[in-house]
Amino acid sequence: MEQQSPLFLPAALTVSELTRYLRQLMENDELLQDIWVYGEISNFKRHTSGHIYLTLKDSEASLRAVIWRNIAERIKLPLQDGMAVEAHGYISIYERDGQYQLYINMIRAAGEGRLFQEFLRLKERLAAEGWFDEERKRPLPQRPHKIGIVTSPTGAALQDMLNTLSQRYPLAEVVIAPCLVQGLEAPDDIVRALRNINRLEQPDVIILARGGGSLEDLWAFNDERVVQAVVKSAAPVVSGIGHDTDFTLADFAADQRAPTPTGAAVMATPDKTELMTEIETLCHRLNQYLETTIENEKSSLSALSHRLGRVSPLWKTQNEFQRLDQIMWRIERAIQHQLDIRRTRWSGVEKQLQTLNPLDILQRGFAIVTKTDGTLVRNCSDVEIDEELNIRLSDGQIGARVTQKE
Amino acid sequence: MSASPVPVEQLSYEQAFAELESIVASLETEQKSLEEAIALFERGQLLAKHCQTLLENAELRIRQLSKPEEEENTEG
């Protein structure tokens, strides 16, 4: 069907045309497209499809409303008939029934808007007074001996925390200070529990916790008295209030804020396996120390025994032996030297001797003449005629007789 | 270290661990005689073993703080 412009409306409209016209009017209205409506829930129905149908009413009027499944799934607030709520969404028409209705995309308990404004004002004031200053915050003990828990004794949060603590750090002693965590009396009860546990037990750390809930449910933790008690607590406080998206003023005041009660139990304690590793590391250092010590002792021992050897009589004797050897060696060298000198001289004498050897002369053609008794014949007068003589030549002897003298 | 240290079995985890830490630190930083060092080493080993045993066998002790003021209110 072709779209009709409102400027050219025919005289009679079909029901569909009128309805569509009205719908467009509504959908073009800024106020109706982004609106908060306050009212009480009635005729609450959750269809099997997951969509929610309900009526918002006050004493004089009622408004049909729908929450589509994808939005309904994300709503934490347990909606029911009679509940006063503030719903946000847009107004449009369900054409088939000619019914205008609120298409809800956000819903909160009535008063939450006011509560939130109050929360912001108080937060600003307490922050200005220094309650939330980082410098005020204390470190948590690494190995808490005694852990105080301030929470509701019946909530699932407590059981979750106890499970976490016994898995992570079973060495601890846990003291639970039960208190109300919701309602008008809760702030005073929380304050008293914090004071009592500090006074009576002197825990090393305190966990202040509460399971998830609406802003109104968590309101006690935004109370100024509770904030003050957290700041004044003798033991450091870890807060774990609501879910990770919830922030209360007690969270801001706590020495550490965890997103959930379980998270707070984790934050407050060391992990067993990490402790085991710590011990192993120390053992390792201990062993290493012993090894190096023994190594050092060994090497200083061997250095000592070396030095001892040098001062022992044995060493002295050896030293003397060496000196003796050195002397002997010097003596030998001196003797050798003397021998060498003599040897050189001797060979000179030998040469001299050689030149004087009469036999050499014989080789040059001279002869030696001796008498038969061996006496050397030097002059003619030494011999008689007919006397037998001996003539020695280079290669032998000749017997001769003197025949003539001149 | 004193001449007669507390028997290791009587120490709490925190005490044993703290002593183990201080033994290791003093061994690593101070000059010791060999005899003294070995004695400390042996005690350190006992302490480590003790810590491990405590950690393995520990069970979380849980108690509830009585609420004196409220009891007065309900009973009185």
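About the thresholds
- Residues numbered from 1 in each chain as written.
- Chains lettered and ligands numbered in written order.
- Predicted model: local features only at pLDDT ≥ 70, side-chain atom pairs only at ≥ 80, totals over all residues.
- Heavy atoms only, no water.
- Pairing = 2+ DSSP bridges.
- Helix = DSSP H or I, 4+ residues; strand = E, 2+ residues; numbered from the N terminus.
- Axes fitted to C-alpha atoms, helices over the stretch in contact; angles between N-to-C directions.
- Core = buried A, V, L, I, M, F, W, Y, C linked by side-chain atoms within 4.5 Å.
- Buried < 20%, exposed > 50% of the residue type's maximum accessible area, 1.4 Å probe, protein only.
- Contact = heavy atoms within 4.5 Å.
- Buried area = accessible area lost by both parts, 1.4 Å probe.
- Salt bridge = Lys/Arg side-chain N within 4 Å of Asp/Glu carboxyl O.
- Polar contact = N/O pair within 3.5 Å; in protein donor to acceptor, adjacent residues only side chain to side chain.

Novice: Now, about the sheet that holds strand E8 (residues 205–210) of chain A: what can you tell me, with residues and values included?
Specialist: Here we have six strands laid out as an open sheet, ordered E10(A)-E9(A)-E8(A)-E6(A)-E7(A)-E1(B), and parallel in their pairing. The open sheet has two edge strands, strand E10 (256–258) of chain A together with strand E1 (61–64) of chain B, and neither has a second partner. Here the strands of the sheet are splayed against their neighbours by 20° on average, with no regard to which way each runs. Across five bridges, the pairing between E8 of chain A and strand E9 (residues 237–241) of chain A is parallel. Within E9 of chain A, the residue paired with Ile207 of chain A across the bridge is Val238 of chain A.

Novice: Account for the nonpolar core, with residues named and values stated.
Specialist: Ranked by internal contacts, the top residues of the largest apolar core, which has 45 residues, are Ile149 and Ile207 of chain A together with Tyr13 and Leu20 of chain B. For this core, the secondary structure elements donating two or more residues are strand E6 (146–151), helix H5 (156–168), strand E7 (173–178), E8, helix H9 (261–268) and helix H10 (272–311) of chain A together with helix H1 (13–29) and helix H2 (34–57) of chain B. Excluding its chain neighbours within four sequence positions, the residues that come into contact with Ile207 of chain A are Ile147, Gly148, Ile149, Val150, Met161, Val238, Ala264, Ala265 and Ala268 of chain A.

Novice: I'd like a description of the sheet that holds strand E5 (residues 99–109) of chain A, backed by residues and values.
Specialist: Residues and elements named next belong to chain A. Pairing is mixed in the closed barrel, where five strands are placed in the order E1-E2-E3-E5-E4. For this sheet the average axis-to-axis angle between neighbouring strands, irrespective of direction, equals 55°. Note that strand E3 (residues 62–67) and E5 share three bridges and pair parallel. Pairing of Val66 across the sheet is with Tyr103, part of E5. Here helix H1 (residues 15–27) sits on the sheet and contacts strand E4 (84–94) and E5; the angle it forms with E4, its principal contact strand, is near 135°.

Novice: Break down the interface of chain A and chain B for me, with residues and values.
Specialist: Facing 40 residues of chain A, the contacting portion of chain B comprises 34 residues. For the pair chain A and chain B, the summed buried surface comes to about 3700 Å²; carbon and sulfur atoms form 66% of the total. Its largest share of buried area at the contact with chain B, chain A owes to Leu171, Leu286 and Tyr289 of chain A, together 19% of the area lost on that side. Along the contact surface separating chain A from chain B lie three salt bridges. Note that Glu201 of chain A is salt-bridged to Arg63 of chain B, the shortest N-O span being 2.8 Å. Joining chain A to chain B, the criterion identifies eleven residue pairs in polar contact (both at pLDDT 80 or more). Secondary structure elements with two or more residues in the side of chain A that touches chain B: H5, E7, helix H6 (186–201) and H10 of chain A.

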